[in-house]
Amino acid sequence: LMATKSKRSISQISTMSNSAQGNIIQLEDGWNNVIKTGAIDVLERTLDNGFDTSFEPKEYIRIYTTCYDMCTQRSPYNWSRDLYQRHGETIEQYLNNTVLPALRDKTGQGGTILLNELKHRWSNHQIMNKWLKKFFTYLDRYYVKHHSLPTLEQAGLRHFKDEIYMNVKDNTTSSIISLIDEEREGEIIDKTLVKNIIELYEQMGMGSLDSYTNDLETPLLDATRSYYGRKREDWIARDSTPDYLIKAEKALGEEKDRVGSYLNSATEPKLRSVVEDEILQKVQMNLLEKEGSGCGVLLANDKTEDLQRMFSLFSRLENGLQPMADIVEKFITSQGNACTEKRQARLDSGQKDKNDDPDFVKSLIDLHEKYLGVIRETFSSHHLFQKALKNSFEVIVNNDVGTFSNAELMSTFCDRILKSGGEKLSETEVEQSLDRIVQLFSFLTDKDMFAEIYRNQLAKRLLNQRSASDDAEKAMIAKLKVQCGTQFTSKMEGMLNDLAVGSEQKSEFDARMEQQTDTKLSFGVQVLTVGHWPSYKAPEVALPPQMQKCMEVFKEWHDAKHQKRRLTWVHSLGNATVRATFGKKSYDLQVTTLQAIVLNSFNDGKTYGFN
């Protein structure tokens, strides 16, 4: 850096000395004797012969100084305008006399020959432009700025564009497109060469991509559309849907890589859109509905990988997933209808219709579980496919067959799981089963019917002490609450709360009964809140004295604790253990309260007839 500054200072001092001595450099003398012979002719010879272009420091300073002096002499000997003009003329002449004929000579000899020649000539031009800019630096610093002219570098690019690029671009564009088509067919091409020429297109835009877009990108997109249009017709005629989509996926990946290798990144979305339109959009329904390999067939055969590829590719299209989701919905509905038809066939064959059909409910649960997994794993839980699943199961679950509705069948299925002696399941299996039945429940239209049936069955389990697990009962009610809200489950929660409160009060009343010495009965009472439980008949009966006494003791105790509550006895829900002696043997009979009253009437050898 110091050496350069020193040389520049020497040249400036020398120039000032020449000016002071009145040594005026005439235009033709300076141009012909120094600039042309020492710089331009040397540049052209070395470029034409393929030699390395360089100048000795001394020679470079001599040429630079001459240019400097010619630009700083006083008028009328200031040759700045003339030198700027001759700079452009020099480049034009070289391009027209040497470069353009060489390129025309290579036209028609094959794509790579022309492109290689253009690459070589473009590289030479950049070298010439660089050196001329160095020699005429003073023009850039003062004359160009003062007159708002293109810089020497810009002028050099413009001359190349006007004289060379505009004359060869059609041929080079065709050559590039031909090479790209060859690569699409699996041939190996010189990507570096293509990239270099494409960079030339970009630079011809002088700061914009107009030349690249208009002269290369637009023809390339048209050629791409034609190429994949031909491929589409060939593939759709010969290939199954999975095979076609494999080829489509590969093509889209290769086009993306192609942009990364040598095309401008701005081309990527346009190129992708053209390819997607040609090989996906225009044959979407053909592929989805193709006989023997369409979407429905893939679903029926659990072709997960093919379905994932189909989903991935059609998700690229605007509204591309809706037709696929419609097929999925139709298919799932048909599978559910098949389950319903099997139930109908069993009933038609003479099987007794009852409110307990676990096989049917399990088939619906399994169907929903299967396609819930498909939607989640294969279709990425996309909202259109979630909606398809929901729509199909709303049809399936509300399609009742036989005397009993699906709501009652589902409630009875819950009863089998939750009551003791029902399904033999682990805690985890109970939890999973309840989750799945609640998912089915969410599709029911008449949820209130389910709630009413479920509440009656819950009451029987609770009052008859048939619940397998209090935690499971609470869990089920919590799941229903999440689905339908607090109001939906308030009565069920109230039923559980009554039993919890009754358990706390039982020990207190038991202590009171121990003080009662005039009865030998073991007596217990469960207090139920009327609004929480189903309605029950309360027949008036004549109770045995000991039973009546126990009831009076409880009423006295209860009224003392809850003065504003009124008791109504529902004997039809009660149960009793009656010890019966027949001959020398005695038996404990588990009966209802009403049955116990009747049996008690036969004590002391009494006999009663139906009359």
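This section reports on the structure supplied with the text.

What counts, and at which threshold
- Residues numbered from 1 in each chain as written.
- Predicted model: local features only at pLDDT ≥ 70, side-chain atom pairs only at ≥ 80, totals over all residues.
- Heavy atoms only, no water.
- Helix = DSSP H or I, 4+ residues; strand = E, 2+ residues; numbered from the N terminus.
- Rg over C-alpha atoms; globule rule 2.2 N^0.38 Å.
- Buried < 20%, exposed > 50% of the residue type's maximum accessible area, 1.4 Å probe, protein only.
- Contact = heavy atoms within 4.5 Å.
- Areas by Shrake-Rupley, 256 points an atom, 1.4 Å probe, with all protein chains shown as cover.
- Lys, Arg positive; Asp, Glu negative; His and termini not counted.
- Charge placed at Lys NZ, Arg CZ, Asp CG, Glu CD.
- Expected span 1.5 Å × (residues − 1).
- Arc of directions from axis to C-beta.
- Polar contact = N/O pair within 3.5 Å; in protein donor to acceptor, adjacent residues only side chain to side chain.
- Core = buried A, V, L, I, M, F, W, Y, C linked by side-chain atoms within 4.5 Å.
- Pairing = 2+ DSSP bridges.
- Axes fitted to C-alpha atoms, helices over the stretch in contact; angles between N-to-C directions.
- Parallel < 35°, antiparallel > 145°, perpendicular 65-115°, else oblique.
- Left-handed = near helix turned anticlockwise from the far one by under 90°.
- Nonpolar A, V, L, I, M, F, W, Y, C, P; charged D, E, K, R; others polar.
- Phe/Tyr/Trp six-rings, centres within 6.5 Å; stacked < 30°, edge-to-face > 60°.
- Lys NZ or Arg CZ within 6 Å of the ring centre and 35° of its normal.
- Salt bridge = Lys/Arg side-chain N within 4 Å of Asp/Glu carboxyl O.

### Here we look at the overall build of the protein chain
Of the regular secondary structure elements, the protein chain holds 24 helices and two strands. Expected size for 611 residues packed as a compact globule is a radius of gyration near 25 Å; at 48 Å, the protein chain overshoots this value by more than 25%. Projected onto the principal axes, the alpha-carbon positions of the protein chain cover approximately 160 × 60 × 35 Å. Out of the 611 residues belonging to the protein chain, those deemed buried represent 42%. Of the contacts formed within the protein chain by residues at least 6 apart in sequence, a portion of 73% connects residues at least 24 apart. A total of about 33,600 Å² of accessible surface is found on the protein chain, and carbon and sulfur atoms cover 47% of it. With 79 positive and 88 negative side-chain charges, the protein chain shows a spacing of 4 Å between the two charge centroids.

### Things to note about the side chain of Arg309
Relative to the helices and strands, Arg309 resides in helix H14 (residues 304-314). Excluding its chain neighbours within four sequence positions, the residues that come into contact with Arg309 are Leu245, Ile246 and Glu249.

### Some points on helix H21 (residues 470-484)
With 15 residues, H21 ought to run about 21 Å at 1.5 Å a step, and its terminal C-alpha atoms sit 21 Å apart, in line with that. All buried positions along H21 are accounted for by Ala472, Glu473, Met476, Ile477, Lys479 and Leu480. Here the buried residues of H21 occupy an arc of 155° about the axis, which is enough to place them on one side. Of the exposed residues in H21, the ones pointing more than 90 degrees away from its buried face are Asp470, Asp471, Lys474 and Val482. Buried-residue contacts for H21 involve helix H18 (406-418), helix H19 (427-441), helix H20 (447-463) and helix H22 (486-514). For H21, the side-chain oxygen to backbone nitrogen distance between the N-cap and Asp471 is 3.3 Å, and the N-cap itself is Ser469. The first or second residue beyond H21 is Gly485, which carries a positive phi of 100°.

### Notes on the nonpolar core
Counting 79 residues, the largest nonpolar core has Ile279, Phe314, Met324, Phe379, Phe385 and Ile437 as its most contacted members. Take this core: its biggest share by element is eight residues, from helix H16 (residues 358-378). In this view, Phe314 contacts Leu245, Leu280, Gln284, Leu287, Leu288, Gly320, Leu321 and Met324; residues no more than four positions away in its chain are not counted. Counting 65 residues, the second-largest nonpolar core is a separate cluster that includes Leu115, Leu179, Ile189 and Val259.

### With respect to the pairing of strand E1 (residues 575-582)
For E1 and strand E2 (residues 585-592), the ladder comprises eight bridges, and the chain directions are antiparallel. Of the residues in E2, the one forming a bridge with Ala580 is Tyr587. Hairpin connection from E1 to E2: two residues lie between these consecutive antiparallel strands, with Gly583 at a positive phi of about 70°.

### Topic: H14
Turning to H14, its buried residues are Asp306, Leu307, Arg309, Met310, Phe311, Leu313 and Phe314. In this fold, the buried residues of H14 make contact with helix H10 (241-261), helix H12 (284-288), helix H13 (295-300), helix H15 (322-348), H16 and helix H17 (383-397).

### Some details on the packing of helix H4 (residues 80-106) against helix H6 (residues 137-146)
Where H4 contacts H6, the two axes come as close as 11 Å, and the packing angle between them is 115°. Classified by the angle between their axes, H4 and H6 sit roughly perpendicular to one another. Crossing of H4 over H6 shows left-handed handedness. Along its contact with H4, which presents Ser80, Arg81, Leu83 and Tyr84, the element H6 presents Leu139, Tyr143 and Val144. Of the residues contributing to the contact of H4 with H6, the split by class is five nonpolar, one polar and one charged.

### Here's the deal with the packing of helix H3 (residues 57-72) against helix H5 (residues 111-135)
In the contact formed by H3 and H5, the axes pass within 8 Å of each other and the chain directions differ by 60°. One way to sum up the angle between H3 and H5 is to call them oblique. Together, Tyr60, Ile63, Tyr64 and Cys67 of H3 and Trp131, Lys134 and Phe135 of H5 make up the contact between the two elements. Taken together, the residues of the contact of H3 with H5 break down into six nonpolar, no polar and one charged.

### Description of the environment of Gln126
For Gln126, the position within the fold is in helix H5. Spatially, the C-alpha atoms of Gln126 and Asn355 are 90 Å apart, while their sequence positions differ by 229 residues.

### Looking at the packing of aromatic side chains
Any pair of aromatic rings gets described here by the distance separating the centres and the angle formed by the planes. Applying the stated rule across the entire model yields 24 aromatic pairs. In this structure an aromatic cluster arises from ring pairing among Phe55, Tyr60, Tyr64, Trp131 and Phe135. Looking at Arg461, its charged tip hangs above the ring of Tyr454, at a distance of 5.4 Å from the centre.

### Re unusual backbone geometry
Cis peptide bonds are those with omega within 30 degrees of zero, and the linkage from Ser75 to Pro76 qualifies with 10°. Among the secondary structure elements, Pro76 is positioned in the loop between H3 and H4. The phi dihedral of Met206 is positive, around 50°, even though this residue is not glycine. Classification of Met206 as partly exposed rests on a relative accessible area of 33%.

### Digging into the pattern of salt bridges
Using the criterion set out here, one finds 45 salt bridges in the structure. Among the ionic pairs, Glu278 bridges to Lys282, the shortest N-O distance being 2.7 Å. A salt bridge links Asp302 to Lys370; its shortest N-O distance comes to 3.2 Å. Taken together, the residues span a long stretch of sequence, with Asp302 in the loop between H13 and H14 and Lys370 in helix H16 at a distance of 68 residues.

### Section: the side chain of Thr489
Along the chain, Thr489 turns up in helix H22. Once residues within four sequence positions are removed from consideration, Thr489 is found in contact with Ile477, Leu480 and Lys481.

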